[in-house]
Amino acid sequence: MNLIDALERLKRPVPETARAFKVFLACGFTPLHVETFLAAHLRDLYPACRIEVSSGLFGDLIGNLERLRPEQYDALAVVIEWPDLDSRLGMRTLGGWQIEKLPDIVDSANRSLERLRRALERISSILPTCVSLPTLPLPPLFYSGTRQSSVFELSLRRSLASFGEAISSSRQLLVVSEERLDENSPLAKRFDLRTEVTQGFPYKISHASVMGELLADLIRRPEPKKGLITDLDDTLWAGILGEVGVEGIHWQLDEHAQLHGIYQQFLASLASAGVLIAAASKNDPALVDQAFKRDDLLLSKTNVFPIEAHWRRKSESVQHILKKWNVLSDSVVFVDDSPMEVAEVQSAFPEMECILFPKGDYPAFWSLLFLLRSRFAKATISEEDSLRLQSIRAAGTFGETAGREAKSLDDFLQEAEGRLTFDVGKPSGDTRAFELVNKTNQFNLNGKRYDEAAWSRLLEDPKAYVVTVSYEDKFGKLGRIAVLTGRLAERKFIVESWVMSCRAFSRRIEFHCVQYIFERLGVDEVVFEAHATGRNGPLIEFVQQLVEEPVETNPRLSKSSFLRKAPKMPHHVEEVYASK
Amino acid sequence: MPASDDERLMRCFASVFPSAGGGDIRTSHFDAIPGWDSLRGVMLLAVLDEEFGVQMELPELLELGSFAAVKQHLTQGGVSAQVKE
């Protein structure tokens, strides 16, 4: 995006009723075009909001942060440059670069970093924050020349790296990737001495554009994809299994098949971070089963579920996998080496990202790894991420056992020995509830989403209830599977948002949730702020079977009506209260 | 894409002064353009640099003082032979 495009984007009218999205841009220089690009990119990412970017005093980055009142904003973007650590590292002050001053410059920078760390620690516990570490070259103040790194320069960089590591441990604080920055804005094309001296703005326009985009992308991270479906022959491994046999497929360097080994290693890494991995292959299922028994495979069979191996269409396999996972096609990536198969699946699932595996094309393969890493990017990994595949397998066993044994659902659920735990506290350091509310589509009361600042405000609101529900039974642990938020209004409880993971369907957990509200909160009536989103059919059907009014009219449910309509509640219920 | 450099220049001004009409921009001294301040001046310098590859300082721009003078300056400086008079 160039500057004129950014300015024109900001001219587009915003509806008067649009919610303000307030961002504080903290930097020590005149924010000028960084502010313009940041606002323009945020306009694209938050089309329903009125973007308001404000900044503080010139030349006082740390003071601006120390004075910041985080509750007044939705996000914070911090752009640090060397002069913010010591003004002698910039070109607008003349404090001297003599040799005897260098140790003091390093000491002074360390003290500034400590102040910055403390300020960011305070703010990022409340406000989503993204930080860019210095992007500009150090001025030529070191006596060792330009080919050799000076001990002072290395000392400064070590302090900066420690600072970056320390602040990135905060859950709500994200540090801009230096590698991405290097890729999009080469070091030699970032600094503009002329505008630094004459305007107090040190960036070339192109660098400001990249910075604005990166900061906006961190403020509004896209929802990560949930699963990857991979082909096997000439994708997960080199060779056609049906032709070369189990021992003839390769993925090793000495067999000229290293890219397939790297791909396996990459998928195993994704799986360990909670990404669902499945295989779809036109193959002999018995042979595939044998191939997955090879103990030198880098992607364990336990990490791949389900494996669809048969001779029918790939789209049919994908359909089965989506059903087993119970996820929508737009949250899945499909990878196959055959252009025809990619086209067939893409045609059947237009919203799915379908990617051709670049056999033997090293640059394209390198790009693929980065593309996949970005599609599945998560700021943190939760316990549920490690449980996800296990619980989906368990759900499969659950369903199969229920069907096979032909018992009544009541009996089956009773024998499942389900245990529900209702957590009525508001654990502010826990990301799972926030993630669940923001990514659940099917069992979702109204599609309401929260950004991190709004979620923090909800957690801080003493009148708001946030109930998190965990489940496990003899088939396995599902972890935290439902979140319900709302408020008391006399003898009523108004449910403002309610989501439940699709993995927990068909267990009557939803009835337990409503029962819990009536019993725990002692209300006579529950009001559902329901809204059909086009994707939340299961929730709408559930509410509709309980209430008399249309779901779009915030229907009410009385306790007596609920007790009349609710089926038998099969699970043991416990309650805990997490500390704030 | 605008057909002429005159339109390109107009686009630069209009992007920096969104609340000003085309008439205001073409006929007024900078001081009279709605929204004019030194910050907008610096933005205009950056947009002109990006669009025409011309680097000016704020005092120079202020001395030119108007759309017509900037247009003439660009033409005389050989920035573009196509800037219309």
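Residues numbered from 1 in each chain as written. Chains lettered and ligands numbered in written order. Predicted model: local features only at pLDDT ≥ 70, side-chain atom pairs only at ≥ 80, totals over all residues. Heavy atoms only, no water.

Q: Account for the overall build of chain A, with residues named and values stated.
A: Of regular secondary structure, chain A possesses 22 helices and 18 strands. Relative to a compact globule of 580 residues, whose C-alpha radius of gyration would be 25 Å, chain A shows 27 Å and is just as compact. Principal axes of the C-alpha set define a box for chain A whose edges measure 85 × 70 × 40 Å. Split into buried and exposed, the 580 residues of chain A put 54% on the buried side. Residue pairs at least 24 apart in sequence account for 72% of intrachain contacts in chain A once pairs closer than 6 positions are excluded. Carbon and sulfur atoms provide 52% of the accessible area of chain A, an area that totals close to 26000 Å². Taking the 72 positively charged and 81 negatively charged side chains of chain A as two groups, their mean positions are separated by 4 Å. (Helix = DSSP H or I, 4+ residues; strand = E, 2+ residues; numbered from the N terminus. Rg over C-alpha atoms; globule rule 2.2 N^0.38 Å. Buried < 20%, exposed > 50% of the residue type's maximum accessible area, 1.4 Å probe, protein only. Contact = heavy atoms within 4.5 Å. Areas by Shrake-Rupley, 256 points an atom, 1.4 Å probe, with all protein chains shown as cover. Lys, Arg positive; Asp, Glu negative; His and termini not counted. Charge placed at Lys NZ, Arg CZ, Asp CG, Glu CD.)

Q: So what's going on with the pairing of strand β16 (residues 525-528) of chain A? Residues and values would help.
A: Within a regular beta strand, the side chains point alternately toward one face of the sheet and then the other, so they alternate between its two faces. Residue and element names in this part refer to chain A. Here β16 shows two buried faces, one formed by E525 and V527 and the other by V526 and F528. Across four bridges, strand β15 (residues 492-500) lies against β16 in parallel orientation. Paired with I494 across the bridge in β16 is V527. Taken together, β15, helix α20 (residues 509-521) and β16 constitute a β-α-β crossover, and its handedness is right-handed. Across three bridges, β16 lies against strand β17 (residues 556-558) in antiparallel orientation. (Pairing = 2+ DSSP bridges. Right-handed = clockwise from strand over helix to strand, strands pointing away.)

Q: Break down the packing of α20 of chain A against helix α21 (residues 537-546) of chain A for me, citing the residues and quoting the values.
A: All names here are of chain A. Interhelical geometry of α20 versus α21 gives an angle of 55° and a closest axis separation of 12 Å. Here α20 is positioned oblique relative to α21, judged by the angle of their axes. Two packed elements cross with a definite hand, and for α20 against α21 that hand is right-handed. Contacts between α20 and α21 involve E510, F511 and V514 from the first element and F542, Q545 and L546 from the second. Of the residues assigned to the contact of α20 with α21, the class counts are four nonpolar, one polar and one charged. (Axes fitted to C-alpha atoms, helices over the stretch in contact; angles between N-to-C directions. Parallel < 35°, antiparallel > 145°, perpendicular 65-115°, else oblique. Left-handed = near helix turned anticlockwise from the far one by under 90°. Nonpolar A, V, L, I, M, F, W, Y, C, P; charged D, E, K, R; others polar.)

Q: Can you lay out the sheet that holds strand β9 (residues 332-336) of chain A for me, pointing to particular residues and giving the numbers?
A: Residues and elements named next belong to chain A. Overall, parallel pairing links the five strands, which are arranged β8-β7-β6-β9-β10 in an open sheet. What marks the edges here is a single partner per strand, and that holds for β8 (307-310) and β10 (353-356). Recorded for the sheet is a direction-independent mean angle of 15° between the axes of neighbouring strands. Note that strand β7 (residues 276-282) and β8 share four bridges and pair parallel. The residue of β8 that forms the bridge with S281 is A309. Against the sheet, helix α11 (residues 258-272) makes contact with β6 (227-230), β7 and β9, and its axis sits at roughly 150° relative to β6, the strand it touches most. Packed onto the sheet, helix α14 (residues 339-348) meets β7, β9 and β10 and runs at close to 175° relative to β10.

Q: Which residues make up the interface of chain B and chain A, and what values do they have?
A: Tallying the contact residues gives 18 residues for chain B and 14 residues for chain A. Carbon and sulfur atoms supply 60% of the area buried between chain B and chain A, which totals about 1400 Å² over both sides. Remark: the boundary between chain B and chain A carries four salt bridges. A salt bridge links E57 of chain B to R194 of chain A, with the nearest nitrogen and oxygen atoms 3.1 Å apart. Scanning the region where chain B abuts chain A turns up nine residue pairs in polar contact (both at pLDDT 80 or more). (Buried area = accessible area lost by both parts, 1.4 Å probe. Salt bridge = Lys/Arg side-chain N within 4 Å of Asp/Glu carboxyl O. Polar contact = N/O pair within 3.5 Å; in protein donor to acceptor, adjacent residues only side chain to side chain.)

Q: Can you tell me about the packing of helix α2 (residues 32-45) of chain A against helix α3 (residues 38-52) of chain B, naming the residues and giving the values?
A: When two helices pack together, their arrangement is captured by the angle between the axes and the distance separating the axes. For the pair α2 of chain A and α3 of chain B, the least separation of the axes is 10 Å and the interaxial angle reads 80°. Put simply, α2 of chain A runs roughly perpendicular to α3 of chain B. Across the interface between the two elements, L32, H33 and T36 of chain A from α2 of chain A touch L39, V42, M43 and A46 of chain B from α3 of chain B.

Q: Please provide a residue-by-residue account of the pairing of strand β11 (residues 419-423) of chain A, values included.
A: Residues and elements named next belong to chain A. Sheet topology note: the β11/strand β13 (residues 464-473) ladder contains five bridges and is antiparallel. When the bridges of β13 are listed, F422 appears paired with V469. Looking at chain direction, β11 and strand β18 (residues 572-576) are connected through five bridges and run parallel. Bridging across to β18, D423 finds its partner in V576.

Q: Describe the sheet that holds strand β5 (residues 173-175) of chain A, and please don't skip the residues or the numbers.
A: Remark on secondary structure: sheet strands pair via backbone hydrogen bonds, oriented parallel or antiparallel. Residue and element names in this part refer to chain A. One open sheet accounts for five strands, arranged β2-β1-β3-β4-β5; its pairing is parallel. Lying at the two open borders of the sheet, with one neighbouring strand each, are β2 (49-55) and β5. On average, each strand axis in the sheet is tilted by 20° relative to the strand beside it, whichever way the strands run. Strand direction decides the pairing type here: strand β3 (residues 75-79) and strand β4 (residues 129-132), joined by four bridges, are parallel. Looking across to β4, one finds that A77 is bridged to C130.

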